[in-house]
Amino acid sequence: MVRRKCRECNEPVTGRADKIFCSDYCRNAYHNQRNKDSKNLLRNINNRLRKNYRVLDSFPLKDGKTRTSKSRLLDKGFNFEYITHLYTTKKGTTYFFLYDLGYLPLDNDYYMIVKRE
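Residues numbered from 1 in each chain as written. Predicted model: local features only at pLDDT ≥ 70, side-chain atom pairs only at ≥ 80, totals over all residues. Heavy atoms only, no water.

(A) Looking closely at the sheet that holds strand β4 (residues 101-105). Here we have five strands laid out as an open sheet, ordered β1-β5-β4-β3-β2, and antiparallel in their pairing. Either end of the sheet is taken by a strand with one partner, and the two such strands are β1 (65-69) and β2 (85-88). Neighbour to neighbour, the strand axes of the sheet diverge by 30 degrees on average, direction disregarded. (Pairing = 2+ DSSP bridges. Helix = DSSP H or I, 4+ residues; strand = E, 2+ residues; numbered from the N terminus. Axes fitted to C-alpha atoms, helices over the stretch in contact; angles between N-to-C directions.)

Below you can see the structure in the form of structure tokens.
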């Protein structure tokens, strides 16, 4: 009979024939270690997107839109490098979106914030 050993701690594994970890702790530790580097980049990007979304969401909207200055966005910590997608209208106007909230650059460093239904 072949003795199976846990992939994380090398302790004997008992139970189902296809079981490869001795406990949930070892299973989680193994996968966390394995995915640590690749997930760190994604985690940082998602945190930045989430912060940008919260900044846009902090502005009260009238009829699904409002106007604000670039300096107010920057004061709240908005980073213009992080967006989820672009939307270009038939007229050629490009909106920058974070999920369902977006902004449109206007003249004199002003931005229109919009919510897409």
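(B) Summary view of the environment of N28. For N28, the position within the fold is in helix α1 (residues 24-57). Take N28: its relative accessible area is 39%, and that puts it in the partly exposed class. Sequence-wise, N28 and A17 are eleven residues apart; in three dimensions their C-alpha atoms are separated by 20 Å. (Buried < 20%, exposed > 50% of the residue type's maximum accessible area, 1.4 Å probe, protein only.)

(C) Structural view of the pattern of salt bridges. Taken as a whole and assessed by the stated rule, the structure comprises three salt bridges. Residues R16 and D18 are paired through a salt bridge, measuring 3.0 Å at the closest nitrogen-oxygen approach. A relative accessible area of 52% places D18 in the exposed class. Here D100 makes a salt bridge to K115, at a shortest N to O gap of 3.3 Å. (Salt bridge = Lys/Arg side-chain N within 4 Å of Asp/Glu carboxyl O.)

(D) Spatial organisation of the packing of aromatic side chains. One pass over the structure, following the stated rule, counts ten aromatic pairs. Relative to Y103, the ring of F80 has its centre 5.6 Å away and its plane inclined at 85 degrees; by these criteria the two rings are edge-to-face. Residue F80 is located in the loop between α2 (70-75) and β2, and its partner Y103 is located in strand β4; the two are separated by 23 residues in the primary sequence. Classification of F80 as partly exposed rests on a relative accessible area of 24%. By the ring-pair criterion, three or more aromatic residues cluster together here, those being F78, F80, F96, Y103 and Y111. Over the face of the ring belonging to F59 we find K76, whose NZ or CZ atom lies 4.4 Å from the ring centre. Over the face of the ring belonging to Y87 we find R116, whose NZ or CZ atom lies 4.2 Å from the ring centre. (Phe/Tyr/Trp six-rings, centres within 6.5 Å; stacked < 30°, edge-to-face > 60°. Lys NZ or Arg CZ within 6 Å of the ring centre and 35° of its normal.)

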